[in-house]
2 protein chains.
Amino acid sequence: MASQELYGELASQLRAIPAVARELSRSCPPNCPPASLGVLAVVSRHGELRMSRLAELLDIDMSVTSRHVAHLAERGWIDRLPDPHDRRSRLLRLTPGGMDMLRAALDGVTASLADHLRDWSDQDVLELCRLLERLRTAFTADCRPRTQTITM
Amino acid sequence: MASQELYGELASQLRAIPAVARELSRSCPPNCPPASLGVLAVVSRHGELRMSRLAELLDIDMSVTSRHVAHLAERGWIDRLPDPHDRRSRLLRLTPGGMDMLRAALDGVTASLADHLRDWSDQDVLELCRLLERLRTAFTADCRPRTQTITM
DNA sequence: TATTGTTATACTCTATAACTATA
DNA sequence: TATAGTTATAGAGTATAACAATA
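The paragraphs below set out a description of the structure included in this document.

1. Describing the protein's contact with DNA strand D
Phase 1 of the analysis: For DNA strand D, the set of nearby residues contains 24 residues, the closest of which are S66, R88 and R90 of chain A together with D61 and R67 of chain B.
Phase 2 of the analysis: Considering DNA strand D, the proportion of its atoms within 4 Å of the protein that are sugar or phosphate atoms stands at 63%.
Phase 3 of the analysis: R88 of chain A has a polar side-chain atom sitting 2.6 Å from a base oxygen of DNA strand D.
Phase 4 of the analysis: Interatomic distance of 2.9 Å between a side-chain N/O atom of H68 of chain B and a phosphate oxygen of DNA strand D.
Phase 5 of the analysis: Going through the elements one at a time, α3 (51-58) and α4 (62-74) of chain A together with α2 (34-46) and α4 (62-74) of chain B are the ones with two or more residues in the surface near DNA strand D.
Phase 6 of the analysis: In the surface near DNA strand D, the residues fall into 7 nonpolar, 6 polar and 11 charged.

Take a look at the structure:
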């Protein structure tokens, strides 16, 4: 186990990430909010999937996921197809327009990252990706009984 | 410059951080929201400082900072002292109660991190801290039209 | 005139709970 | 009864703009 000071530093750095994400989101197309982009990216990567599975992958409540998807469906970027195995469920799929939007948004994000991280090596970027992936896994796959100790 | 695929992966991992932060914030005392904790931590680390400097360090707008500080001042965790050099300005300082609150909150956060990251080495945590610090710097110190950091 | 900090307003993202329609 | 998804409502966090006091 690391020292309290080190954990405090980590917590502090994590707190600062949203500001980075906000700056990054300035390069998103104006009609596609960052949260919607996240949905498009996950659906693109995983292919056809259900609402509940999408919510799980995004790690947000299904009610929120539902609203994001409705927003995307209104704009014709995502289709909600009936699930032949369960009529309560809907299968999500990117439309060609959705793929175009995702590609355009990713171009913007990539350009911004390439600009800001211009003196980072591929190795640096990769290492950060790996650590963030490990962090995410540690907090989601891990002890999921939900009711953590509220220490104070 | 890294590949578009690698940057896309990084963007995706960054998107997932708020979920980690939310889980982490469950270990905060219920009357101290995470954003307030961030303010306490910065003031504690930097000592007496002005609103504008605090906003800069938090990388959020001063109007938002003002509200957080007002919230903390109402609870007696922070003092807003008159600045002898500029009567428009106010100097912020943690009260003993604020220090207690910060310590208690950090204990909770530390416990949660120690639990979730129980199989991480100190080296892993340190490496993640360093990369996040570099990332933050790249997005704030970097190409910034107006952040001239007048330290005082 | 410019700057420091506050307040009013609005926007984004999220969670909880109540609801529907199937299973 | 239980589950998939939707909608209503509320809360946390942020930004922009208008403002008061001071420089």
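2. Thoughts on the protein's contact with DNA strand C
Phase 1 of the analysis: Around DNA strand C, 24 residues are found, and the nearest of them are D61 of chain A together with S66, R88, S89 and R90 of chain B.
Phase 2 of the analysis: Backbone sugar and phosphate groups make up 62% of those atoms of DNA strand C lying within 4 Å of the protein.
Phase 3 of the analysis: A35 of chain A is positioned such that a nitrogen or oxygen atom in its backbone is 3.3 Å from a phosphate oxygen of DNA strand C.
Phase 4 of the analysis: R88 of chain B is positioned with one of its side-chain polar atoms (N or O) 2.7 Å from a base oxygen of DNA strand C.
Phase 5 of the analysis: Listing elements by their share of the surface near DNA strand C, those giving two or more residues are α2 (34-46) and α4 of chain A together with α3 (51-58) and α4 of chain B.
Phase 6 of the analysis: Tallied by class, the residues present in the surface near DNA strand C amount to 7 nonpolar, 6 polar and 11 charged.

3. Remarks on the relation of the copies chain B and chain A
What relates the two chain copies is a rotation about an axis together with a slide along it.
Phase 1 of the analysis: The transform that puts chain B on chain A rotates by 180° and translates by 0.0 Å along the axis, for an RMSD of 0.0 Å. The relationship between the two copies is best expressed as a two-fold rotation axis.
Phase 2 of the analysis: Counting the interface residues of chain B, we find that 90% of their copies in chain A are interface residues as well, pointing to one common contact surface.

4. Quick word on the interface of chain B and chain A
Phase 1 of the analysis: With 62 residues of chain B in contact, the opposing surface of chain A contributes 62 residues.
Phase 2 of the analysis: Between chain B and chain A the total buried area reaches about 6400 Å² when both faces are included, carbon and sulfur atoms providing 68% of it.
Phase 3 of the analysis: The largest share of the area that chain B buries against chain A comes from Y7, H116 and F139 of chain B, three residues that together contribute 11% of it.
Phase 4 of the analysis: Run the count over chain B and chain A and you get 4 salt bridges.

5. Some details on the pattern of salt bridges
Phase 1 of the analysis: Per the counting criterion, the structure on display carries 22 salt bridges over all chains.
Phase 2 of the analysis: Note that R93 of chain A is salt-bridged to E48 of chain A, the shortest N-O span being 3.2 Å. Residue R93 of chain A is located in strand β3 (residues 90-94), and its partner E48 of chain A is located in the loop between α2 and β1 (49-50); the two are separated by 45 residues in the primary sequence.
Phase 3 of the analysis: R93 of chain A gets classed as partly exposed once you look at its relative accessible area, which sits at 42%.
Phase 4 of the analysis: Accessibility expressed as a relative area gives 42% for E48 of chain A, which makes it partly exposed.
Phase 5 of the analysis: The closest approach of N and O atoms between D86 of chain B and R50 of chain B, which form a salt bridge, is 3.7 Å. Taken as a pair, D86 of chain B in the loop between β2 (78-82) and β3 (90-94) and R50 of chain B in strand β1 (residues 49-50) lie far apart in primary sequence, 36 residues in all.
Phase 6 of the analysis: By relative accessible area, which is 18% here, D86 of chain B ends up buried.
Phase 7 of the analysis: One network of salt bridges, with partners in common, ties together R50, D86 and R88 of chain A.

6. Points about α4 of chain B
Because the α-helix completes a turn every 3.6 residues, residues three or four places apart line up on one side.
All names here are of chain B.
Phase 1 of the analysis: Under the 1.5 Å per step criterion, the end-to-end length of α4 is 18 Å for 13 residues, consistent within 8% with the ideal 18 Å.
Phase 2 of the analysis: Residues T65, H68, V69 and L72 constitute the buried set of α4. Here the buried residues of α4 occupy an arc of 95° about the axis, which is enough to place them on one side. For α4, the exposed residues set more than 90 degrees away from the buried face come down to R67 and E74.
Phase 3 of the analysis: On its buried side, α4 packs onto α2, α3, β2 and β3.

7. What about the packing of aromatic side chains?
Phase 1 of the analysis: This structure, assessed with the given rule, holds 0 aromatic pairs over all chains.
Phase 2 of the analysis: Over the face of the ring belonging to W120 of chain B we find R134 of chain A, whose NZ or CZ atom lies 4.3 Å from the ring centre.

8. Concerning the sheet that holds β3 of chain A
All names here are of chain A.
Phase 1 of the analysis: Reading across from one edge, β1-β3-β2 is the order of the 3 strands in this open sheet, with antiparallel pairing throughout. Bordering the open sheet on either side are β1 and β2 (78-82), each of which pairs with just one other strand.
Phase 2 of the analysis: In terms of strand pairing, β1 meets β3 through 2 bridges, oriented antiparallel. Along β3, the bridge assignment pairs R50 with L91.
Phase 3 of the analysis: Of the strands in this sheet, β1, β2 and β3 are in contact with α2, which crosses β3 at around 95°.

The rules behind these values
- Residues numbered from 1 in each chain as written.
- Chains lettered and ligands numbered in written order.
- Predicted model: local features only at pLDDT ≥ 70, side-chain atom pairs only at ≥ 80, totals over all residues.
- Heavy atoms only, no water.
- Near = heavy atom within 4 Å.
- Polar contact = N/O pair within 3.5 Å; in protein donor to acceptor, adjacent residues only side chain to side chain.
- Helix = DSSP H or I, 4+ residues; strand = E, 2+ residues; numbered from the N terminus.
- Nonpolar A, V, L, I, M, F, W, Y, C, P; charged D, E, K, R; others polar.
- Least-squares fit on C-alpha atoms with pLDDT ≥ 70 in both.
- Contact = heavy atoms within 4.5 Å.
- Buried area = accessible area lost by both parts, 1.4 Å probe.
- Salt bridge = Lys/Arg side-chain N within 4 Å of Asp/Glu carboxyl O.
- Buried < 20%, exposed > 50% of the residue type's maximum accessible area, 1.4 Å probe, protein only.
- Expected span 1.5 Å × (residues − 1).
- Arc of directions from axis to C-beta.
- Phe/Tyr/Trp six-rings, centres within 6.5 Å; stacked < 30°, edge-to-face > 60°.
- Lys NZ or Arg CZ within 6 Å of the ring centre and 35° of its normal.
- Pairing = 2+ DSSP bridges.
- Axes fitted to C-alpha atoms, helices over the stretch in contact; angles between N-to-C directions.

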